[in-house]
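# Residue-level structure breakdown
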Amino acid sequence: MKKSPSVLVIGGGSTGTGIARDLAMRGLDVTLVEKGNLTHGTTGRMHGLLHSGGRYAVSDQPSAKECIEENRVLRRIAGHCVEMTGGLFVQRPEDSDEYFEKKLEGCRECGIPAEVLSAEEAREIEPYLAKDIKRAIKVPDGAVDPFRLCVANAASAVEHGARIETHSEVTDVLVEGGEVVGVEVTHQTGTGPYVHGEPGEVEEIRADYVVNATGAWAGQIGDLAGVDVEVRPSKGVMTIMNTRQVDTVVNRCRPKGDADIIVPHETTCILGTTDEEVEDPEDYPEEGWEVDLMIETLSELVPMLAEARTIRSFWGVRPLYEPPGTGTEDPTDITREFFLLDHADRDDLPGMTSIVGGKLTTYRMMAEKISDHVCEKLDVEAECRTADVPLPGSEDFTVLRDYMDDFGLRSPIGRRSAQRLGSRADEVLNSVDPNPVVCECEAVTRAEIQDSLDTAGTDLNSVRIQTRASMGNCQGAICCHRMANELAPEYDETTVRASLDDLYQERWKGERHAMWGTQLSQSALKHMLHAATMNRDEDPAAADADIDFAAFDDGGASEDDASGVASGGAVADGGRKQAADRAGDDPLGGADGDN
Amino acid sequence: MAITDDVLVIGGGIAACTAALSAAETGARVRLLAHKKSTLRQASGLVDVLGYAGGDGPLSDPYAGLDALPDGHPYRIVGEDGVRAGLRIFDEAVGDAYRGGHTDSNALVMTHGGAVKPTARYPESVAPGLASSPGDMLLVGFAGLTDFDAPVAADHLAAAGVPFSARGVTVEFPKRFRADAKVTRFAKALDRDEDVNGGTVRSVLADTVADELDGESRVGFPAMLGDDHDEDVRAELSDRLGVPVFEVPTGPPSLLGLKLEDILFDALDEAGVRISAGNPAVDFEAENGRVETVVVDQKSRPTPYSADQVVLATGGLVGKGLDSDRESVTEPVFGCHVPHPEDRYDWSEPEAFGDHAFARFGVVPDDELRPTGEDGEPHFENLRAAGGVVGGADVAREKSASGVSLATGAVAGRLAGEEATR
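Since the model is a prediction, treat every value here as computed from it, not as a measurement.

### Quick look at the overall build of chain B
- If you tally the helices and strands in chain B, you get nine helices and 19 strands.
- In terms of C-alpha radius of gyration, chain B reaches 22 Å, essentially the compact-globule figure of 22 Å for 422 residues.
- For chain B, the C-alpha atoms occupy an extent of roughly 70 × 45 × 40 Å along the three principal directions.
- With 422 residues in all, chain B has 63% of them scored as buried.
- For chain B, long-range pairs separated by at least 24 residues make up 69% of all intrachain contacts whose partners lie at least 6 apart in sequence.

Below, the structure written as structure tokens:
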């Protein structure tokens, strides 16, 4: 039997995993390498908007048409990753009528369902909209979980025979005889899932074709191959609120601008964003004024945001690209279209194509186009099926029933689990017994954590993005050590501890952008629980020096053996409040629940 | 007519209780104004005094670390005498429910993650499990409780070099609960010794653990061995197993923390302290540099409480005795000065366990524990502060949280009581 042509895809974001799935479904032999987690780059750092196309209906109609088309496709193939919240373009008194009309007309020209609502009608949908708004346009925007989407694409690719290597950085592009023939990859640990403490290794992976799908990092891969890819990374801030102040995507109806969108996402809302060009996609300032700008500007649309609690902020870099010689100065003017750069045509370097630009909503279409291109190069005839075959988890939605009886999980937990797992709910939730809740904020049970460990190895940040555990209000204060405990007994205690430290530090990074008011109180509680209660900051097991245990209080064991249990006596054992009260206590308490 | 007392203590945690007990010792008529449940439900129930100072630690002698603390640290203000006074009041209040008072030395106690930490007082149920006492240890965890993984904790203990062997096992609790049942449900089943297949919860649990026991001389469980009848539960398990059983302190909801709260409130009752609970202090009236009344929001009806002396023990950031917004940090009841860096990004450090400024936020006390203004002068001549609302200590990293509350509570309460009864 003839061996299938092999393709190496660089980049584990939505585009890369989308390409891997598409090509694997067409029967090619696919390997995907990603230097961090899946979604490590831009995919994991976006606001989660499933575009209706409304945002581009005036400025960029081709993109708008692609968006509405793919919006419909994703609802079909990725139902468990999408929440159709609907969206509003809200006009304030100072926003121009002319633009409002253009937006409406643009939507209609692009086939985007659009309905004008009076201020009163808009407030019926979103009661916290400002009293003085003028009117709104209703469009089919939605929310998409980029993590789940990406993981589902990767899972589907693997089902079709692909190999996915995360934590594996491309450290060289192999060029022989003027042609790209593969890459050199440095695995942070061995091949397969990441495991703390395992030694790294270097591997040469040869392939018939290489696809550079690294987005904002495409220039760096280009450098390794000796070609110029002029990406213009642009950063944007996203500020996460503690709850859903709105249940609909709320856009400001005015030409491009900072801080003009609120996306309800799972248990939170995400405020976005800014648009500033940066030199290095991994090293750029994350500044407090950007967070302030989100709160101050977006509270013009939803006034309660001014006093609401944010739980963290994060930044992403857009993989913007413009063809050489365009010379756009303001990054907000750079096109959101995607570009396929065939390095054979462009740089006389066959064997590799880069894909740059674009947006999450149209990831599948981008993947289809580049897969068509790769197939043409490799002389493979195979149809794209990704628009029709549902992703793993979205095959059958009869599972979204009441899970309370099936799993002994209380209704909200069962429902949340089933929403995340989609048609995999039965398989996953029945796999573990007993199945206690690990993350209370996000209602994640042991079964979901264990399921995610198959691909996460010991990387709890990968567990987090797959399950949402530690992404809620307490930011892992209550659950991150529980998540780490789930690694045992497969992994040893030292590994459990290293994984916990990594996750804790990652959470802290984003929390720092929300440390005032209630969230500072929450962070102070976290500091108390992990430093005071658990002594994780001074853990003697991690210290170099040995402890002289004999110098400490031995409980009087030497002189008095009565320190033990059954030493009766009249003990002031306390006024007995009803234990029943306590059973209902929210363990997040104090900083979180007592308000 | 305002309700009138000699000393009014605002707060409901360890510092407030200690201040009230200390003031009552002077013969003053004392009232405690507690808003809501204290943060003790989130605390392990251990009483840390000082475990790390000046880069040293774990300290076997907490007093040896006092001089290494920075100027302005509350311990530097109240001194060793203040620390000892706090512990004396605590020991008298809790009686046999706590251990550790027989020595100045810290004990090393295992935490639910398995790391050991230095602490000065520990519940009697914790005592048999000290990491600084000998005896091989079997740790028992439950498949349905995620907070404590016994095998991981045992290996963690071993990694710290404890002078005994530790082994962990995970077992099924004799009774099945809803998947998200909390530790309190387990405790209740043991309290009531509920019937289960093959006997009762206690007997079946003991049988299960006995099968696992392999010569260890003590057996530890997460702190869930009963609530109302905890002594009976431990005694029965210990009796059936033939070795002492102990509890490992846990995070929230912490039964040991809740029990400590109950014990302290009993002690207040016994000392004749009047308690007004359930409503927040929201405002005050002052005259001639003295606080005259504290205004409590009693279901939206402002109710004045007047007193000769006032102790502010409302807690730190966690207990909401301190508040903040994007620009500033404030003490919300009296508006006391709380120094802080101007840029909120300087309030914390990028490293999760760094030297965070926020950890030391609080009012700045003078040598009589009176909060001072920017000018260094006391805001009010009769207002003192105790516990988490006092700045200058990173109690989490120092392992000094309860100790600072006890010491400042004892001193502030005594000074207030003496002034009021002079």
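What follows picks up the thread again.
### With respect to the overall build of chain A
- In terms of regular secondary structure, chain A is built from 19 helices and 23 strands.
- Computed over C-alpha atoms, the radius of gyration of chain A comes to 26 Å, within 12% of the 25 Å expected from 2.2 N^0.38 for 595 residues, which places it in the range of a compact globule.
- Along the longest, intermediate and shortest principal axes, the C-alpha atoms of chain A span 85 × 65 × 45 Å.
- Put simply, chain A has 595 residues, and 58% of those count as buried.
- Restricting to contacts in chain A with at least 6 residues of sequence separation, those with at least 24 account for 70%.

### Digging into the domain arrangement of chain B
- Examined at the domain level, chain B breaks down into domain 1 (3-99 + 257-421) and domain 2 (127-248).
- Taking only C-alpha atoms, the centre of domain 1 of chain B and the centre of domain 2 of chain B are 35 Å apart.

### Focus on the UniProt feature "domain: BFD-like [2Fe-2S]-binding" (unreviewed entry) in chain A
- The UniProt entry lists residues 437-487 of chain A under the feature "domain: BFD-like [2Fe-2S]-binding" (unreviewed entry), expressed in the numbering used here.
- Along residues 437-487 of chain A one finds 49% helix and 10% strand; the C-alpha atoms at either end are 15 Å apart.

### A short note on the UniProt feature "domain: FAD-dependent oxidoreductase 2 FAD-binding" (unreviewed entry) in chain B
- Mapped onto the present numbering, the UniProt feature "domain: FAD-dependent oxidoreductase 2 FAD-binding" (unreviewed entry) falls on residues 6-404 of chain B.
- End C-alpha atoms of residues 6-404 of chain B are separated by 24 Å, and the span's content is 25% helix alongside 22% strand.

### Here we look at unusual backbone geometry
- Residue A:T273 is bonded to the preceding A:G272 through a cis peptide linkage, with omega at -15°.
- Here A:T273 shows up in the loop between β17 (268-272) and β18 (276-277).

### Details of the sheet that holds strand β11 (residues 179-187) of chain A
Residues and elements named next belong to chain A.
- In spatial order, the strands read β10-β11-β12; together these three strands make up an open sheet with antiparallel pairing. Of all strands in the sheet, those bounded by a partner on one side alone are β10 (168-176) and β12 (201-206). Each strand axis lies, on average, 25° off the axis of its neighbour in the sheet, ignoring direction.
- Summarising the sheet, β10 and β11 pair through eight bridges and their orientation is antiparallel. The residue of β11 that forms the bridge with S168 is H187.
- Contacts from helix α6 (residues 218-225) reach β10 and β11, with the element oriented near 40° to β10.

### A few points about the packing of helix α5 (residues 201-212) of chain B against helix α6 (residues 230-241) of chain B
Residues and elements named next belong to chain B.
- It is at 9 Å that the axes of α5 and α6 come closest, and there the two elements cross at 40°. Classified by the angle between their axes, α5 and α6 sit oblique to one another. The chirality of how α5 crosses α6 is right-handed. Within the contact between the two elements, α5 uses R202, S203, L205, A206, V209 and A210 and α6 uses V233, E236, L237, R240 and L241.
- Across the contact of α5 with α6, the residue classes break down as seven nonpolar, one polar and three charged.

### So, the sheet that holds strand β8 (residues 166-171) of chain B
All names here are of chain B.
- Strand order across the open sheet formed by four strands is β8-β7-β11-β12, with parallel pairing between neighbours. The outermost strands of the open sheet, each flanked by one partner alone, are β8 and β12 (245-248). The mean inter-strand angle of the sheet, taken between neighbouring strand axes irrespective of direction, is 30°.
- Summarising the sheet, strand β11 (residues 218-222) and β12 pair through four bridges and their orientation is parallel. Of the residues in β12, the one forming a bridge with F221 is E247.

### Some words on the UniProt feature "domain: FAD dependent oxidoreductase" (unreviewed entry) in chain A
- Mapped onto this numbering, the UniProt entry annotates "domain: FAD dependent oxidoreductase" (unreviewed entry) at residues 7-364 of chain A.
- Span residues 7-364 of chain A is 25% helix and 31% strand, its end C-alpha atoms 18 Å apart.

### Observations regarding the interface of chain B and chain A
- Listed as interface residues are 96 residues of chain B and, on the opposing side, 78 residues of chain A.
- Sorting the residues of the side of chain B that touches chain A by element identifies β4 (107-110), β5 (116-119), α3 (150-159), α4 (183-192), α6, α7 (255-270) and α8 (395-398) of chain B as the ones contributing at least two each.
- Tallied by class, residues from the side of chain B that touches chain A come to 42 nonpolar, 27 polar and 27 charged.

### Some words on helix α14 (residues 460-467) of chain A
Residue and element names in this part refer to chain A.
- The element α14 is largely enclosed, with a buried count of eight among its eight residues.
- L460, N461, S462, V463, R464, I465, Q466 and T467 are the residues of α14 that are buried.
- Packed against the buried residues of α14 are α5 (146-159), β23 (444-445), α13 (446-456), α15 (480-485) and α16 (493-511).
- Once α14 ends, the next one or two residues include R468, with phi positive near 75°.

### Section: helix α9 (residues 401-421) of chain B
- Counted at 1.5 Å a residue, the expected span for α9(B) with its 21 residues is 30 Å, and the 30 Å between its end C-alpha atoms agrees.
- Most of α9(B) sits out of view: 18 of its 21 residues are buried.

### Some words on the environment of A:A514
- Tracing the backbone through its elements, the reader meets A:A514 in the loop between α16 and α17 (517-533).
- Beyond its immediate stretch of four places on either side in the chain, A:A514 contacts A:T310, A:I311, A:R312, A:S313 and A:Q519.

### Concerning the domain arrangement of chain A
- For chain A, the domain assignment lists domain 1 (6-42 + 147-230 + 336-378), domain 2 (83-143 + 233-318) and domain 3 (431-533).
- A C-alpha centroid distance of 32 Å is found between domain 1 of chain A and domain 2 of chain A.

### A few points about the nonpolar core
- A:V211, B:V9, B:I10, B:A20 and B:V311 are the most contacted members of the largest nonpolar core, which totals 298 residues.
- Of the residues forming this core, the biggest block, 10 residues, is contributed by α9(B).
- Excluding its chain neighbours within four sequence positions, the residues that come into contact with B:V311 are B:V7, B:V9, B:I10, B:A19, B:R384, B:A386, B:A412, B:G413 and B:A416.
- In terms of nonpolar packing, the next biggest core, distinct from the first, is built from six residues, A:A418, A:L421, A:A425 and A:L429 among them.

### Observations concerning the packing of α14(A) against α16(A)
Residues and elements named next belong to chain A.
- α16 packs onto α14 with a crossing angle of 55° between their chain directions and a minimal axis gap of 8 Å. When the interaxial angle is binned, α14 and α16 end up oblique. In this structure, α14 uses L460, N461 and R464 to contact α16, whose residues at the interface are S499, D502, L503 and E506.
- Across the contact of α14 with α16, the residue classes break down as two nonpolar, two polar and three charged.

### Focus: the environment of B:H102
- Following the sequence through the fold, B:H102 ends up in the loop between β3 (98-99) and β4.
- In the structure, B:H102 is positioned 277 residues away from B:H379 in sequence and 40 Å away in space, judged by C-alpha atoms.

### Section: the confidence of the model for chain A
All names here are of chain A.
- Residues with a pLDDT of 70 or more make up 90% of chain A, whose mean pLDDT is 89.
- pLDDT under 50 marks residues 400-404. Its contacts with residues more than four places away, or in other chains, come to 11 contacts.
- In this model residues 560-595 is a low-confidence stretch, pLDDT under 50, and it forms 80 contacts with partners more than four residues away in sequence or in other chains.

What counts, and at which threshold
- Residues numbered from 1 in each chain as written.
- Chains lettered and ligands numbered in written order.
- Predicted model: local features only at pLDDT ≥ 70, side-chain atom pairs only at ≥ 80, totals over all residues.
- Helix = DSSP H or I, 4+ residues; strand = E, 2+ residues; numbered from the N terminus.
- Rg over C-alpha atoms; globule rule 2.2 N^0.38 Å.
- Buried ≥ 20, exposed ≤ 12 C-beta atoms within 10 Å, placed from the backbone.
- Contact = placed C-beta atoms within 7 Å.
- Domains from an automatic or database assignment.
- UniProt positions renumbered as here; feature names shortened; annotations may be inferred.
- Pairing = 2+ DSSP bridges.
- Axes fitted to C-alpha atoms, helices over the stretch in contact; angles between N-to-C directions.
- Parallel < 35°, antiparallel > 145°, perpendicular 65-115°, else oblique.
- Left-handed = near helix turned anticlockwise from the far one by under 90°.
- Nonpolar A, V, L, I, M, F, W, Y, C, P; charged D, E, K, R; others polar.
- Expected span 1.5 Å × (residues − 1).
- Core = buried A, V, L, I, M, F, W, Y, C linked by C-beta atoms within 7 Å.
- pLDDT = per-residue confidence, 0-100.

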